[in-house]
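Single-letter residue listing:
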2 protein chains.
Amino acid sequence: VALTREDAAALDARDPLAGFRDAFVIDDPGLLYLDGNSLGRLPVATRERLVAMTGDWGSSLVSGWPGWIDFPRRAGDAIAPVIGAGPGEVLACDSVTVNLFKLAGAAHRDGAIVCQVDAFPTDRYVLEGLVAARGAELRLVDGLSGLDGAGLVVWSHVDYRTGELADLPAITAACRDAGVPLVWDLSHSAGAVPVGLNAAGAEFAVGCTYKYLNAGPGAPGYLYVAAGALRDLRSPIQGWFGQAEQFAMERPYQPAAGIERFLAGTPPILGLAAAEEGARLVNAAGIEAIRAKSLAQTALLIDLADAWLAPLGFTVATPREDGRRGSHVALRHPDAWRITRALVERARVIPDFRPPDVVRLGIAPLYTRFTDVHDALARLRDLVAAGGHESYDLAPGRVT
Amino acid sequence: VALTREDAAALDARDPLAGFRDAFVIDDPGLLYLDGNSLGRLPVATRERLVAMTGDWGSSLVSGWPGWIDFPRRAGDAIAPVIGAGPGEVLACDSVTVNLFKLAGAAHRDGAIVCQVDAFPTDRYVLEGLVAARGAELRLVDGLSGLDGAGLVVWSHVDYRTGELADLPAITAACRDAGVPLVWDLSHSAGAVPVGLNAAGAEFAVGCTYKYLNAGPGAPGYLYVAAGALRDLRSPIQGWFGQAEQFAMERPYQPAAGIERFLAGTPPILGLAAAEEGARLVNAAGIEAIRAKSLAQTALLIDLADAWLAPLGFTVATPREDGRRGSHVALRHPDAWRITRALVERARVIPDFRPPDVVRLGIAPLYTRFTDVHDALARLRDLVAAGGHESYDLAPGRVT
């Protein structure tokens with residue numbers, strides 16, 4: 001295990017993905033950014049693409065639409081290899097929340113909706129609304145068991161707090177065996193962890209592009225429907241971009257034959273261009289290579305936490321087995337909130353805080369260096385050892 | 001009436017809004033763009049703002065969120081004066097389609113949903129889906145009468161094909177008297193026609209920003225809820241941005257006290273910045289001044305059509321009374337489709353086509369000149385008189 005800075009630098013020197021760091025805008029190398037799992041960095045290519053797309057709007061005007069209209073599908077096809085899907089099975093559009101509403105609404109059959117009690121809140125909120133409208137029950141569970149009477153399962157691939165990685169093939173098989181539709185939420189895994197949707201026989205998924213896909217604040221989400229799972233599914237939000245013949249405009253709504261039926265309104269062209277660029281970078285590096293680096297870096301992070309932070313009252317809340325963790329590590333500490341504030345303001349390390357007591361450190365292998373992990377943990381150790389967080393307010397406030 | 005080019009040039013010379021044309025990127029002055037009612041031009045300030053926002057993402061990273069999180073409200077507050085609403089009554093987010101789904105779903109009471117038979121298709125599609133889910137009836141009507149048994153009315157302020165302007169105060173009063181909630185669709189009026197929502201006592205509206213608000217392809221829509229109309233309304237799409245305490249993250253969903261309850265997922269920051277810039281330009285010019293110029297230009301357009309195009313088989317489908325038309329003019333012609341194609345390709349005039357037989361010409365007073373109107377109609381006249389459209393295919397295809 002590499003616990004010295006020299007060891008970390010040696011790992012950087014032989015990192016096959018090291019060159020990808022140059023693909024990102026990094027204005028301030030002294031800032032250690034370990035929150036790419038919340039908002040990814042700006043790729044250089046995306047900065048250029050956004051300028052070009054803005055120019056395209058200005059010069060092509062409405063005549064640009066024939067070139068833009070397939071952007072949800074184009075961006076979706078770029079995302080597909082990241083999550084183990086095929087062409088035509090992924091559509092980038094709307095937000096994760098709206099996509100989950102559409103897909104859960106379409107896939108849900110009579111019966112209870114089952115979801116992790118620790119799912120990201122927006123997932124639970126969407127499902128609360130759905131069961132209220134349909135007179136169904138929402139079952140919030142710790143683990144997947146007892147699918148009797150269930151009409152839908154929604155499951156997160158990586159837990160947004162602990163970083164625990166769910167066993168996607170096993171859960172997919174269990175739901176299939178029970179005959180219950182299953183929607184995966186890939187927001188906290190896609191781009192850092194191979195997902196393998198097709199290989200597992202998964203039918204439905206949603207995810208976001210502003211974390212490990214580096215598409216920018218509020219960039220569109222995506223949804224996945226396996227080719228064989230489209231059947232007669234209908235989106236509860238019927239819009240003109242989901243209509244079979246969009247520009248006929250006259251007849252009653254008839255859903256498009258393919259996944260486009262899950263489009264609703266006019267798609268956000270700039271955000272979709274950014275999503276496509278972000279996915280391209282992930283594909284250029286290769287999701288397996290990204291995963292290998294992510295595991296090495298989270299392992300280093302955990303080792304350093306054990307060595308340096310455990311004596312300061314931290315515990316590692318993330319599973320230690322490679323096969324059971326995603327790409328971020330949760331450190332529990334009773335003073336997590338003010339430690340997070342102090343880290344940002346005094347130590348120039350960007351983690352994030354998740355209530356009630358988690359300092360979350362994310363690895364984005366396309367631009368995180370082994371020395372970044374080493375240095376961030378050293379700064380955290382020194383800060384807390386010196387009591388640098390103790391002058392901060394105890395009350396939690398807003399952190400995204 | 002000004003029918004010579006000199007007359008049109010004289011109108012431009014004394015146009016108080018003439019200077020606003022310089023606020024837009026216009027690469028090709030020879031192209032006559034009369035489709036700002038479909039996709040508005042790129043403002044210079046927006047081009048700069050998008051570059052700045054991209055840079056802000058790159059350098060602020062996740063720490064940018066405290067500055068971005070209020071963008072839906074900020075952009076909404078910028079749009080508010082355009083449509084006669086107050087601060088805190090407008091939220092920019094999602095697409096028009098999704099906003100209509102949320103607002104119609106929230107405002108609908110037991111009973112039929114009433115909508116214009118000629119409403120923009122996505123409105124009808126959304127409502128078809130809503131009534132199917134709720135076991136209600138969708139009544140598609142020509143004019144508003146017979147609100148017995150109605151649980152919601154959705155009405156377009158300006159008809160997307162004919163350009164007819166609805167009597168917003170009268171229809172609002174009729175629905176209020178009948179006790180039926182009413183959602184206005186302002187997509188084809190806002191930014192070109194004063195709307196006066198508060199003055200009319202209107203409770204609900206949705207609209208788009210990529211037409212007369214010049215926010216770019218697929219920029220977010222907006223929704224309006226009068227301050228007194230929020231009551232216990234709940235969005236059918238419950239998401240974390242609509243939650244009372246977004247970052248508490250733990251308890252069951254509780255809608256925000258204000259209009260933010262109609263947010264769902266993470267909002268698109270670049271698109272919201274563009275929407276704010278676009279609304280600012282409209283406010284700088286003043287919606288009343290914009291309306292005066294729009295009426296003068298559509299009157300000129302109709303006069304020229306009467307003089308030059310009627311002999312060629314065109315009829316004006318737009319009402320001639322000032323108080324009954326919006327900011328675009330519909331010319332009916334049996335060959336509308338191929339005339340539209342020929343106009344674009346041979347005459348460098350950009351209109352759009354709406355099935356089955358409409359050539360639609362839009363006035364965007366912030367950048368359309370009187371000479372543009374004159375020249376476009378002259379080119380149209382000369383093209384059709386010479387049979388320049390006759391070599392084009394008769395079959396209608398895709399035009400946005």
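Calculation criteria
- Residues numbered from 1 in each chain as written.
- Chains lettered and ligands numbered in written order.
- Predicted model: local features only at pLDDT ≥ 70, side-chain atom pairs only at ≥ 80, totals over all residues.
- Heavy atoms only, no water.
- Helix = DSSP H or I, 4+ residues; strand = E, 2+ residues; numbered from the N terminus.
- Buried < 20%, exposed > 50% of the residue type's maximum accessible area, 1.4 Å probe, protein only.
- Contact = heavy atoms within 4.5 Å.
- Areas by Shrake-Rupley, 256 points an atom, 1.4 Å probe, with all protein chains shown as cover.
- Lys, Arg positive; Asp, Glu negative; His and termini not counted.
- Salt bridge = Lys/Arg side-chain N within 4 Å of Asp/Glu carboxyl O.
- Axes fitted to C-alpha atoms, helices over the stretch in contact; angles between N-to-C directions.
- Parallel < 35°, antiparallel > 145°, perpendicular 65-115°, else oblique.
- Left-handed = near helix turned anticlockwise from the far one by under 90°.
- Nonpolar A, V, L, I, M, F, W, Y, C, P; charged D, E, K, R; others polar.
- Pairing = 2+ DSSP bridges.
- Phe/Tyr/Trp six-rings, centres within 6.5 Å; stacked < 30°, edge-to-face > 60°.
- Buried area = accessible area lost by both parts, 1.4 Å probe.
- Polar contact = N/O pair within 3.5 Å; in protein donor to acceptor, adjacent residues only side chain to side chain.
- Least-squares fit on C-alpha atoms with pLDDT ≥ 70 in both.
- pLDDT = per-residue confidence, 0-100.
- Expected span 1.5 Å × (residues − 1).

1. Concerning the overall build of chain A
Then, in step 1: Within chain A, the secondary structure is distributed over 12 helices and 13 strands.
Then, in step 2: Along the first, second and third principal axes, the C-alpha atoms of chain A reach 70 × 55 × 40 Å.
Then, in step 3: Each of the 400 residues in chain A was classed as buried or not, and the buried ones make up 64%.
Then, in step 4: Sequence-distant contacts in chain A: of pairs separated by 6 or more residues, those separated by 24 or more amount to 71%.
Then, in step 5: Here chain A displays about 12900 Å² of accessible surface, and carbon together with sulfur accounts for 52% of that area.

2. Regarding the side chain of Arg41(A)
Then, in step 1: Locating Arg41(A) in the fold gives a position in the loop between strand 1 (32-33) and helix 2 (44-60).
Then, in step 2: Of the side chains with opposite charge, Asp372(A) lies nearest to the buried Arg41(A), which makes no salt bridge, at 6.5 Å.
Then, in step 3: Those residues in contact with Arg41(A) that sit more than four places away from it in its chain are Phe24(A), Val25(A), Ile26(A), Leu31(A), Tyr33(A), Asn214(A), Tyr367(A), Trp57(B) and Leu61(B).

3. Thoughts on the pattern of salt bridges
Residue and element names in this part refer to chain A.
Then, in step 1: All told, the structure shown has 50 salt bridges over all chains when counted by the stated rule.
Then, in step 2: With a closest N to O distance of 3.5 Å, Arg139 and Glu137 form a salt bridge.
Then, in step 3: For Glu137, a relative accessible area of 41% translates into the label partly exposed.
Then, in step 4: Of the charged contacts in the structure, one is a salt bridge between Asp306 and Arg320, with a shortest N-O distance of 2.7 Å.

4. Considering the packing of helix 11 (residues 336-347) of chain A against helix 12 (residues 370-385) of chain A
Residues and elements named next belong to chain A.
Then, in step 1: Running from N to C, helix 11 and helix 12 point in directions that differ by 110 degrees, and their axes come no closer than 10 Å. Between helix 11 and helix 12, the crossing angle belongs to the class labelled roughly perpendicular. At the point where helix 11 passes helix 12, the crossing takes the right-handed sense. Facing Ile339, Ala342, Leu343, Arg346 and Ala347 of helix 11, the residues of helix 12 in contact are Arg379, Leu380, Leu383 and Val384.
Then, in step 2: When the residues that make up the contact of helix 11 with helix 12 are grouped by side-chain class, the tally is seven nonpolar, no polar and two charged.

5. Structural notes on the sheet that holds strand 7 (residues 204-208) of chain A
Residue and element names in this part refer to chain A.
Then, in step 1: Pairing is mixed across the open sheet formed by seven strands, whose spatial order is 2-8-7-6-5-3-4. Two strands in the sheet have a free side with no partner beyond their single neighbour: strand 2 (90-93) and strand 4 (138-141). Strand-to-strand, the axes of this sheet are offset by a mean angle of 20 degrees, without reference to chain direction.
Then, in step 2: Relative to strand 8 (residues 221-225), strand 7 runs antiparallel, the two sharing five bridges. Looking at strand 8, one finds that Gly207 is bridged to Tyr222.
Then, in step 3: Where helix 5 (residues 96-107) meets the sheet, it contacts strand 2, strand 5 (150-156), strand 6 (182-185), strand 7 and strand 8, and its direction lies at approximately 175 degrees from that of strand 7.

6. Some remarks on the packing of aromatic side chains
What describes a pair of aromatic rings is the distance from one ring centre to the other and the angle between the planes of the rings.
Then, in step 1: This structure, assessed with the given rule, holds 17 aromatic pairs over all chains.
Then, in step 2: Summarising the aromatic geometry, the rings of Phe120(A) and Trp240(B) are spaced 4.8 Å apart at their centres and angled 75 degrees between planes, so their arrangement reads as edge-to-face. With Phe120(A) in the loop between strand 3 (112-116) and helix 6 (121-134) and Trp240(B) in the loop between strand 8 (221-225) and helix 9 (269-285), this residue pair bridges two chains. With respect to class, Phe120(A) is no different from Trp240(B); both count as buried.
Then, in step 3: Centre to centre, the rings of Trp65(B) and Phe241(B) are 6.1 Å apart; their planes meet at 55 degrees, and the pair counts as tilted.

7. Remarks on the pairing of strand 7 of chain A
Residues and elements named next belong to chain A.
Then, in step 1: Of all five residues in strand 7, five are buried; the element is thus mostly enclosed.
Then, in step 2: Of the two faces of strand 7, the one carrying Phe204, Val206 and Cys208 and the one carrying Ala205 and Gly207 are both buried.
Then, in step 3: With three bridges connecting them, strand 6 and strand 7 associate as parallel partners. The partner of Trp184 across the bridge, within strand 7, is Ala205.

8. Quick word on the interface of chain A and chain B
Then, in step 1: Facing the 72 residues of chain A at the interface are 72 residues of chain B.
Then, in step 2: In total, about 6200 Å² of surface goes out of reach between chain A and chain B, with carbon and sulfur atoms giving 67% of it.
Then, in step 3: Here chain A and chain B share zero salt bridges between them.
Then, in step 4: Here chain A and chain B share 18 residue pairs in polar contact (both at pLDDT 80 or more) between them.
Then, in step 5: At the level of elements, helix 2, helix 3 (65-68), helix 5, helix 6 and helix 9 (269-285) of chain A are the ones that each hand at least two residues to the side of chain A that touches chain B.
Then, in step 6: Residues of the side of chain A that touches chain B, tallied by class, amount to 40 nonpolar, 20 polar and 12 charged.

9. A look at the relation of the copies chain A and chain B
Then, in step 1: Note on the copies: chain A fits chain B at an RMSD of 0.0 Å, the axial shift is 0.0 Å, and the rotation between them is 180 degrees. This pairing of chains is accounted for by a two-fold axis.

10. Comments concerning unusual backbone geometry
Then, in step 1: Cis rather than trans, the peptide bond between Pro355(A) and Pro356(A) has omega equal to 0 degrees.
Then, in step 2: By the element assignment, Pro356(A) lies in the loop between strand 12 (352-354) and strand 13 (358-362).
Then, in step 3: Phi at Leu61(B) takes a positive value of approximately 55 degrees, unusual for a residue other than glycine.
Then, in step 4: Following the sequence through the fold, Leu61(B) ends up in the loop between helix 2 (44-60) and helix 3 (65-68).
Then, in step 5: We classify Leu61(B) as buried; its relative accessible area is 2%.

11. Quick notes on the sheet that holds strand 10 (residues 328-332) of chain B
Residue and element names in this part refer to chain B.
Then, in step 1: Strand order in the open sheet formed by four strands is 9-10-13-12, and the pairing between neighbours is antiparallel. On the outer flanks of this sheet lie strand 9 (315-316) and strand 12 (352-354), each paired with one strand and no other.
Then, in step 2: Relative to strand 10, strand 9 is paired through two bridges, and the arrangement is antiparallel. The residue of strand 10 that forms the bridge with Thr315 is Arg332.
Then, in step 3: The sheet strands contacting helix 10 (residues 287-309) are strand 9, strand 10 and strand 13 (358-362), and the helix crosses strand 10 at an angle near 15 degrees.

12. Some points on the environment of Ile69(A)
Then, in step 1: Here Ile69(A) shows up in the loop between helix 3 and helix 4 (71-79).
Then, in step 2: C-alpha of Ile69(A) to C-alpha of Thr162(A): the two residues are 93 residues apart in sequence and 39 Å apart in space.

13. What to know about the confidence of the model for chain A
Then, in step 1: Across chain A, the average pLDDT comes to 96, with 98% of residues at 70 or higher.
Then, in step 2: Two summary scores accompany this predicted model of the complex, namely pTM at 0.97 and ipTM at 0.96.

14. Remarks on helix 12 (residues 370-385) of chain B
Residues and elements named next belong to chain B.
Then, in step 1: Between its first and last C-alpha, helix 12 extends 23 Å over 16 residues, near the 22 Å set by a 1.5 Å rise per residue.
Then, in step 2: The buried fraction of helix 12 amounts to 12 of the 16 residues, a majority that puts the element mostly inside the structure.
Then, in step 3: Listed as buried for helix 12 are Phe370, Thr371, Asp372, Val373, His374, Asp375, Ala376, Leu377, Ala378, Leu380, Leu383 and Val384.

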